[in-house]
Amino acid sequence: MPDKLTPLEIDALTEIFNIGIGRAAKSLNQMVSQTVDLTIPEIEILPNKQAKHKLDLDTAMEISAVTQRFSGDFQGQALLMFSKENGLQLVRLLLGNKIPIEDLSELEQDSLVEIGNVILNACFGTVINFLQASISIEMPEFIQGNLNKIFTYSSEHDWSLYIKVKFSLPSENIAGHISFIMDITSLEIFQESVRKFVFGITNTVKS
Amino acid sequence: MANLTSDILFASLNQLSVGIVIIDEQQKLVFFNQWLSDYSGKNLADHEGKYLGAVFTQYQDSRLSDACESALSLGLPARLSHTFNPAPLPLYQNNFFGDEKFLIQQQISVKKIAIESSSPLCQIVIVNVTHMVKKEKTLQKLADDNKIQQQKAEIASRSKSEFLANMSHEIRTPINGVLGMLTLLADTQLSKTQRHFSKLARVSAEILLHLINDILDFSKIEAGKLEIEKIAFNLPDSIIETIQAMAIQAQDKNIEIIVDTTGLTENFVMGDPSRLKQIITNLLSNAIKFTEQGEINITVTMEEKSSSQFKLAVVIADTGIGIPAKKCADLFTAFTQVDASTTREYGGTGLGLTIVKQLCQLMGGDINVNSQLGLGSQFTFYLSLDKSTLSTKPFKAFTEKPILLIDSNENSAKIISKQLQLWGLNVVIKTASDEVIAICDKIKNHDFSVIMLDSNLDKAALDCIAHLLLINNKLRSKAVPIILLTSMNHSCIEKNNGLLALSNDENTHHLAKPMSPSMLYNVLTNVLSQECTKLANGDLAIAPLISNITHKNNKQAKILLVEDNRINQEVALGLLRKFGFNADVAKNGVHALELLLQSELSEPYELVLMDCQMPEMDGYQATQAIRTDEKYRRFNQVSIIAMTANTMQGDQKKCLDAGMNDYLAKPINPQLLAEKLEFWLTNEVGNLY
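As the structure is a prediction and not an experimental result, all values here were calculated from the model. (Residues numbered from 1 in each chain as written. Chains lettered and ligands numbered in written order. Predicted model: local features only at pLDDT ≥ 70, side-chain atom pairs only at ≥ 80, totals over all residues. Heavy atoms only, no water.)

(A) Region of interest: the interface of chain B and chain A. Opposite the 25 residues of chain B that make contact, chain A presents 30 residues. Buried area between chain B and chain A, summed over both chains or domains, comes out near 2,300 Å², and the portion from carbon and sulfur atoms is 62%. For chain B, the biggest contributors to the area lost against chain A are Leu 74, Arg 79 and Phe 84 of chain B; these three give 29% of the whole. Taken together, the connections running from chain B to chain A amount to 2 salt bridges. The shortest N-O distance in the salt bridge between Asp 110 of chain A and Arg 79 of chain B comes to 3.4 Å. If you look at where chain B meets chain A, you find 11 residue pairs in polar contact (both at pLDDT 80 or more). Breaking the side of chain B that touches chain A down by element, the ones donating at least two residues are α5 (63–74), β3 (78–80), β4 (106–113) and α6 (130–186) of chain B. With 7 residues, the top contributor of residues to the side of chain B that touches chain A is α6 of chain B. Split into classes, the residues belonging to the side of chain B that touches chain A amount to 10 nonpolar, 8 polar and 7 charged. (Contact = heavy atoms within 4.5 Å. Buried area = accessible area lost by both parts, 1.4 Å probe. Salt bridge = Lys/Arg side-chain N within 4 Å of Asp/Glu carboxyl O. Polar contact = N/O pair within 3.5 Å; in protein donor to acceptor, adjacent residues only side chain to side chain. Helix = DSSP H or I, 4+ residues; strand = E, 2+ residues; numbered from the N terminus. Nonpolar A, V, L, I, M, F, W, Y, C, P; charged D, E, K, R; others polar.)

See below:
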């Protein structure tokens, strides 16, 4: 089992992801007429099983998710997940739609994919810029289903970088969950990058 | 792959039905395919190598440009949805270049092309989603329309129930007048014809009221506004009471109603007794209505459904005209009767059975029917009832000698005997089919603890037996007590002299059919404990109206009647006079408060009958003033009984919330008024003034 990140490292990670997500918010604000504020209140690295519990989503509940696969220095799958209601609500709030249909229409799904893409790209960008990682990233896809169908991983030993995202709109707060699911080797490399980065900063400050 | 030349690739890209644009690191145009050329009206040859923003000015500083930049620098792929970016590039349909109306709706993907041999390139893929957008707009419009329709329907349904509530009030007020006046009219000196007419008028008015109640119930159920109560009640007693109330109708037609409650294992249960009553009344009145001769058998059983619930099953079987099999299914649908001629002959709204079915379902059960044309119908309904913590004292077993039961009806005899056997009594049954001589022989030569005699036997047999019983008791050292089973209105006794003598004999006790087990038990206990005084409660005629209520000081109670409607004033005053009261009348809340203030200290009002809806000041406001305003402190505890024609859910609560003590629904039921008067005039709480 990999060593846990120190609180300092977690702090650093939260900070850099908040910078990235801030950019995503800027893009979102340009896209929609509303002011959207994005914050990351929580980051954690934990085994997938626990990450799944962390999501706090009922296994029977329908979940809407946007996913992008990645490979390179580390590989795995990034997921942005909402309860179906929350996803629907977010899209409708951003689009100003008031359609009484219980499902996301095809075009609405596409909108959610774009929102997810902007946010996940911000996270990927952060990782690439700050952690000097070289990864190649696939196109975003929309998936819907229950938690067990969406939150899949190849083995019990996979780990997750779990990031909670809060969407603050003028009228509403909506919670989304990001999970970077990685295998253990990828995770070790990832942690190593984080340590190097933190070491870099602390040394710069010291010198 | 070796055969895949760049010529082939080029041709293939040009045949795609999506747009492909490839730019280099400086976002200069490397390639676009034929599709893009078709929709943009531009030639690749003219623009190759130019900055994309120079080819399409919209591209400059756009989200698409940002996305391409991120793709080129960081390798981040991007998806631009139509919703947030309707037309990032100036692409038009059908060569209508430059016409805004023909801009195509686009969905764009941006991805880096990473090839080791060259510097990075970026590929933009454009899909035409115009048709999909159109489709979804139509869908949205349909959904919106649907919602508007739904809202309209809800408003319509709401106004329907409001209309019904208002109508109920408006209709009840005049019916109150009609019924009240007819009651008073019947008490005056009338000729035989007049009496007959007034009776018919009253019956019609009652039917009208019944119809209105049915329609109200139906609309309440439809609107989902009917609430089912959950209170503890005595199950066999409330079933028998309901049946007894209707037995006179059946006995007038010489139809025997036989009730078997021996299958009830518990007396007290939790549920809605008034709705149960409504179901039974409805089914039984149908049974009586459609049966010309024979009998109606009612069998009640219960079984444990869970640790907290019972399943009650009631079977009501008649020997009436029956229902054709194919009509049985429609029976419970609103406004259907077996056929239109049924309605003409037998009357009814056609709502009764619908209400019954819905009530059963609301109480966790259902109803079904079995019928054979000409042979009779059998309705079976089920309900769920909760267990109650209340329980009655169990019946003690008797140890006495056998009972002789002489009944006109075999089924009835069987059920009475079944009940008696449960209490440990042996029963010898003789029915109408037995020879009178054999019955007389039994009476003479055997020793019975009690002899039960049905007064509905044929006249000759009854005469004979009655005489024998009288003589037999005179000859014996110890008289055998006799329980005479009568009909609800004792009509058969009056017709028969021999029976009259027996009926008045001191050894004879009366019990009206159909009887409840508890009544039978009470009569038997009294008879067998050799209390030979005639029992008042063994005589089960309907209790007479309370004719005079004695006041605690034997002094005229001072009553204030607050009522705006002249006719209803007359009705209420007339009824009060009948019970020996006079009352002052106020025509609205303001007037009532004036009269209360004017009342003398030595002679305060003891009771106020308060109408709820009145002009100027209604009953709720007046009550609130009396209860809370300092000015009226002197009489702020006076008993106030609301009289209202509002019988929708929550009206009773509204009255009590306003500070009234009690509640009477209009049309006013004289019996109920008498009871309430008696209660509130004799139960004054402490010293009030």
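We are not done yet, so read on.
(B) Representation of the packing of aromatic side chains in the model. Within this structure, the stated rule accounts for 17 aromatic pairs over all chains. Ring centres of Phe 332 of chain B and Phe 379 of chain B lie 6.4 Å apart, and the angle between their planes is 90°; on these two criteria the pair is classed as edge-to-face. Remark: Phe 379 of chain B occurs in strand β12 (residues 376–387) and Phe 332 of chain B occurs in the loop between α10 (325–328) and α11 (340–346); sequence separation between them is 47 residues. For the pair Phe 332 of chain B and Phe 379 of chain B, a shared accessibility class is recorded, and that class is buried. Measuring from ring centre to ring centre gives 5.9 Å for Tyr 632 of chain B and Phe 635 of chain B, while their planes differ by 40°; the resulting arrangement is tilted. Like Tyr 632 of chain B, the residue Phe 635 of chain B is buried in the burial classification. Three or more aromatic residues joined by ring pairs form one cluster here, namely Phe 70, Phe 124 and Phe 180 of chain A. (Phe/Tyr/Trp six-rings, centres within 6.5 Å; stacked < 30°, edge-to-face > 60°. Buried < 20%, exposed > 50% of the residue type's maximum accessible area, 1.4 Å probe, protein only.)

(C) Looking closely at the pattern of salt bridges. Residue and element names in this part refer to chain B. In this structure the tally under the stated criterion is 17 salt bridges over all chains. For Glu 206, the salt bridge identified is with Arg 202, shortest N-O distance 3.0 Å. Of the two residues, Glu 206 and Arg 202 both sit in helix α7 (residues 192–222), 4 residues apart, roughly one turn of that helix. For Arg 202, a relative accessible area of 25% corresponds to the partly exposed category. Each of the salt bridges in this network shares a partner with another, and the network as a whole consists of Glu 256, Asp 407, Asp 454 and Lys 513.

(D) Molecular detail of the sheet that holds strand β22 (residues 662–665) of chain B. Residue and element names in this part refer to chain B. Within the open sheet, the 5 strands sit side by side as β19-β18-β20-β21-β22. Their pairing is parallel. Pairing within the sheet leaves two strands with one partner each, and these edge strands are β19 (583–586) and β22. Between one strand axis and the next, the sheet turns by 20° as a mean value, whatever way the strands run. Summarising the sheet, strand β21 (residues 639–644) and β22 pair through 4 bridges and their orientation is parallel. In the strand pairing of β22, Ala 642 is matched with Tyr 663. Of the strands in this sheet, β21 and β22 touch helix α22 (residues 651–658), which is tilted by about 145° from β22. (Pairing = 2+ DSSP bridges. Axes fitted to C-alpha atoms, helices over the stretch in contact; angles between N-to-C directions.)

(E) Main features of the sheet that holds strand β13 (residues 403–407) of chain B. All names here are of chain B. The 5 strands are arranged β14-β13-β15-β16-β17 in an open sheet whose pairing can be described as parallel. Lying at the two open borders of the sheet, with one neighbouring strand each, are β14 (427–431) and β17 (508–512). The sheet shows a mean angle of 20° between the axes of neighbouring strands, taken without regard to direction. Sitting on the sheet, helix α13 (residues 410–422) touches β13, β14, β15 (450–454) and β16 (482–486), and the angle it makes with β13 is about 155°.

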